[in-house]
Amino acid sequence: MSTTEAVAFWDGVYAARTQADGPQPNARLTEAVTGLPPGDALDLGCGNGGDALWLARRQWRVTAVDISAVAVERLAALAHSQGLGERVTAVRHDLHESFPSGAFDLICAHYLHTPFDLDRAAVLRAAAHALRPGGRLLVVDHGSTAPWSWNQDPDIRYPSPREVAAGIGLGPATWTVERADAPRRTATGPGGRTAEVTDHILLIRRTV
């Protein structure tokens, strides 16, 4: 499938999503990042922008990227309206073709799943190499299918965090896996619908 088809698909997904109270951060981000000193963050697949805005309110400088122009434009407008325009840079970017430039203290990839071509291992490997020493890569994947997910394939298999780490292929002399587990939580979806879901959490720290 082409980039044009991917853009159209994700533009449609985000155009259909409205949140009267504003986008909320992912729960796994807030638990992993709270207490870390602010620095430069990269949000891969920023979506509705809840993570980028949450980080910016806590003094992080955030580069937020998404393939969807709808998502990027909406986030840029929200950041400006909340006085966070100087801390959030929202740009449309196709990770299938290239990776954002720069060095970061935190890189987040929440639910970076897509029905289109994307070498996730290569993207996450590039992210690990874009970390500064001491920086962290937080990868949060679906470990189960929520009722509101765009992907309802009953045969889908979600790789474990350790499998994801092995696929990235990072050397232990430079990167350390600080967390790799699969906790459950009650998630809230569109329209306030709730369901119990499993998250696959991988947290990697660059040591040198």
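Treat the numbers as computed from the prediction; the structure is a model and nothing was measured. (Residues numbered from 1 in each chain as written. Predicted model: local features only at pLDDT ≥ 70, side-chain atom pairs only at ≥ 80, totals over all residues. Heavy atoms only, no water.)

## Quick word on unusual backbone geometry
One non-glycine residue, Gln 59, lies in the positive phi region at around 80°. In this structure, Gln 59 sits in the loop between helix H3 (50-57) and strand E2 (61-66). Positive phi values are uncommon outside glycine, yet Tyr 111 reaches one of about 55°. Mapped onto the secondary structure, Tyr 111 falls in the loop between strand E4 (104-110) and helix H5 (120-129). (Helix = DSSP H or I, 4+ residues; strand = E, 2+ residues; numbered from the N terminus.)

## Quick notes on the environment of Asn 151
Structurally, Asn 151 can be placed in the loop between strand E5 (131-142) and helix H6 (161-168). Along the backbone, Asn 151 and Pro 115 are 36 residues apart, and their C-alpha atoms lie at a distance of 8.3 Å. Ignoring any residue separated from it by four or fewer positions in sequence, one finds Asn 151 in contact with Thr 145 and Ile 156. Within the structure, the side chain of Asn 151 is placed 3.0 Å from the backbone nitrogen of Asp 153, a separation counted as a polar contact. (Contact = heavy atoms within 4.5 Å. Polar contact = N/O pair within 3.5 Å; in protein donor to acceptor, adjacent residues only side chain to side chain.)

## Some details on helix H1 (residues 3-15)
The end-to-end C-alpha distance of H1 is 18 Å, a good match for the 18 Å that 13 residues give at a rise of 1.5 Å each. Taken as a whole, H1 has its buried residues at Ala 6, Val 7, Trp 10, Asp 11, Val 13 and Tyr 14. One face of H1 carries all of its buried residues, which in axial projection span an arc of 160°. For H1, the exposed residues set more than 90 degrees away from the buried face come down to Thr 4 and Ala 8. Residues of H1 that are buried in the fold lie against E2, helix H4 (69-81) and strand E3 (88-92). (Expected span 1.5 Å × (residues − 1). Buried < 20%, exposed > 50% of the residue type's maximum accessible area, 1.4 Å probe, protein only. Arc of directions from axis to C-beta.)

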